[in-house]
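Structural overview
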Amino acid sequence: MAHACFVTGTDTEIGKTTVAAAIVGLLAKTGLRVAGLKPVAAGIGVIDGERINEDVHALRAASNVALSADEIAPFQFEAACAPHVAAALEGRSIERGPILASIRAAAARCDRVVIEGVGGFRVPLDTAGGWDSADLARDLDLPVLMVVGLRLGAINHALLTAEAVRARGLRLCGWVANTIDPAMAQASATLDALAAGLGNAPCLGLVPRLPAPSPEAIAPYLNVPALHRLFDSDSVLKENP
């Protein structure tokens, strides 16, 4: 099956999707079949005449494998809020089996897959609190790439997220710092603290605050050789975990 990684973030609205889409685009340039998936997405709008979640639209645009919006994101919801709340508003539930089946069906058509979580690492996926985004990452058993929103509080959020990833037996394979607050004081000291605190997980990019943070604009700030090395033999998305 495809080689893959799971992309998470230190919070919501920290550029996780654009970083994930940039990685998809970079991998696709090698000629491999590459797709970005976001199994759960909340918030539907109209883009180019289609009702679709904007994150799903961005990942599909970056991919070079033709997948429908439903194949990229089998669970999309109207309301832009926590996914288990958005699902409840529609009288629906987010089901583990269909999510995993959809991911594997899409991955069977790809050489590389980037799977984006929703919000931060511990976002609930059911109203009972029995299953969350971290459980999805554990089900997939993939290396985790963390997008760190570079602003006050970044160190704490990043270290807690890394701790949660490793507590589930998953490998934090790297992190990308994305500048949220360009006026952040002592940004270089924060980066040093992140590098020290995250141990052997390498920094795979430092993205400045961009006027138009598209995947194409972000790509030059990523460590392309290191990203390619992530998709090695221990990142295979297995058919039957």
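That block above? That's the structure.
Note that the coordinates shown come from a computational prediction; the quantities given were computed from them, not determined experimentally.

This paragraph deals with helix H8 (residues 187-197). Those residues of H8 that fall on the buried side of the exposure criterion are Thr190, Leu191 and Leu194. Summarising the axial view, the buried residues of H8 lie within an arc of 100°, below the 170-degree limit, and thus occupy one face. Residues Ser188, Asp192 and Ala196 are exposed on H8 and point more than 90 degrees away from its buried face. Close packing links the buried residues of H8 with strand E8 (144-150), helix H7 (154-167), strand E9 (172-179) and strand E10 (203-207). Following H8 by one or two positions, Gly199 adopts a phi angle in the positive range, close to 60°.

Helix packing for two helices is described by the angle between their axes and how far apart those axes are. It is at 10 Å that the axes of H7 and H8 come closest, and there the two elements cross at 15°. Between H7 and H8, the angle falls in the class roughly parallel. H7 and H8 meet at a crossing whose hand is right-handed. Across from Ala154, Ile155, Ala158 and Leu159 in H7, the residues of H8 making contact are Thr190, Ala193, Leu194 and Gly197. Each residue belonging to the contact of H7 with H8 can be placed in one class, and the counts come to six nonpolar, two polar and no charged.

Attention now moves to the pairing of strand E1 (residues 3-9). Of all seven residues in E1, seven are buried; the element is thus mostly enclosed. The alternating pattern of E1 places His3, Cys5, Val7 and Gly9 on one face and Ala4, Phe6 and Thr8 on the opposite face, and all of these are buried. One ladder, built from four bridges, connects E1 with E8; its direction is parallel. What sits directly across from Thr8, in E8, is Met146.

In this section: the side chain of Asn53. As for its position among the elements, Asn53 is in the loop between strand E5 (50-52) and helix H2 (54-62). Setting aside chain neighbours within four positions, we find Asn53 in contact with Ala41, Ala42, Gly43, Ile44 and Gln76.

Positionally, Pro225 belongs in helix H10 (residues 224-230). Along the chain, Pro225 and Leu204 lie 21 residues apart, while their C-alpha atoms are 9.4 Å from each other.

Read across the sheet, six strands follow the order E2-E7-E1-E8-E9-E10 without closing on themselves; strand pairing throughout is parallel. Both outer strands of the open sheet, strand E2 (34-37) and E10, are each paired with one neighbouring strand and no more. Between one strand axis and the next, the sheet turns through 20° on average, direction left out of account. Pairing between E9 and E10: four bridges, direction parallel. Paired with Trp175 across the bridge in E10 is Cys203. Along the sheet, helix H1 (residues 16-28) contacts E1, E2, strand E7 (112-116), E8 and E9; its crossing angle with E7, the most-contacted strand, is approximately 180°.

Among the secondary structure elements, Ala105 is positioned in helix H5 (residues 96-107). Taking relative accessible area as the criterion, Ala105 reaches 48% and is therefore assigned partly exposed. A C-alpha to C-alpha distance of 8.4 Å links Ala105 and Glu71, two positions 34 residues apart in sequence.

The rules behind these values
- Residues numbered from 1 in each chain as written.
- Predicted model: local features only at pLDDT ≥ 70, side-chain atom pairs only at ≥ 80, totals over all residues.
- Heavy atoms only, no water.
- Buried < 20%, exposed > 50% of the residue type's maximum accessible area, 1.4 Å probe, protein only.
- Helix = DSSP H or I, 4+ residues; strand = E, 2+ residues; numbered from the N terminus.
- Arc of directions from axis to C-beta.
- Contact = heavy atoms within 4.5 Å.
- Axes fitted to C-alpha atoms, helices over the stretch in contact; angles between N-to-C directions.
- Parallel < 35°, antiparallel > 145°, perpendicular 65-115°, else oblique.
- Left-handed = near helix turned anticlockwise from the far one by under 90°.
- Nonpolar A, V, L, I, M, F, W, Y, C, P; charged D, E, K, R; others polar.
- Pairing = 2+ DSSP bridges.

Take it as geometry only, folks, not as evidence of what the structure does.
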